[in-house]
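Working through the structure, step by step
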Amino acid sequence: DLRKDGSLDKIELRLVIHKLTGHWLGAHEMNDLWTEIDRDGNGVISFDEFLLHVGPHMYPPASYSLLRRAGEQAARARDAASRQLE
């Protein structure tokens, strides 16, 4: 999450995939993957959408649950910090 907003855009997702696999996705592969992961169609991949896609394949169920809770806590902390800046 280069922008520190709790979501990934296409460039960030492509970098994550490369970091995890060592493989650069082509445009067609990237578009197919994006369509699959961006379940709500809002143009960004939320932490939850990312975990729903890769979490069960990468982490044991207990770890996946822990990651989801950590992501939710981080989102709440980010939202609280944003409200303080307003």
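Keep in mind it's a predicted model, so treat the numbers as computed, not measured.

**Concerning the nonpolar core**
Counting residues in each nonpolar core, the largest one holds 11 residues, listed as Leu8, Leu13, Ile17, Leu25, Met30, Leu33, Trp34, Ile37, Ile45, Phe50 and Val54. Among the elements of the structure, helix H1 (10–21), helix H2 (27–37) and helix H3 (47–58) are those that each provide at least two residues to this core. Among the elements that take part in this core, H2 stands out by supplying 4 residues, more than any other. The residues touching Leu33, leaving out its near neighbours within four places in the chain, are Leu13, Ile17, Leu25 and His53.

**With respect to H2**
Within H2 the residues assigned to the buried category are Met30, Leu33, Trp34 and Ile37. Each buried residue of H2 sits inside an arc of 105 degrees when the element is viewed along its axis, so together they form one side. Projecting away from the buried face of H2 at angles above 90 degrees are the exposed residues His28 and Thr35.

**With respect to the environment of His53**
Among the secondary structure elements, His53 is positioned in helix H3. Separated by 20 residues in sequence, His53 and Leu33 place their C-alpha atoms 9.8 Å apart.

Thresholds, definitions, all that
- Residues numbered from 1 in each chain as written.
- Predicted model: local features only at pLDDT ≥ 70, side-chain atom pairs only at ≥ 80, totals over all residues.
- Heavy atoms only, no water.
- Core = buried A, V, L, I, M, F, W, Y, C linked by side-chain atoms within 4.5 Å.
- Buried < 20%, exposed > 50% of the residue type's maximum accessible area, 1.4 Å probe, protein only.
- Helix = DSSP H or I, 4+ residues; strand = E, 2+ residues; numbered from the N terminus.
- Contact = heavy atoms within 4.5 Å.
- Arc of directions from axis to C-beta.

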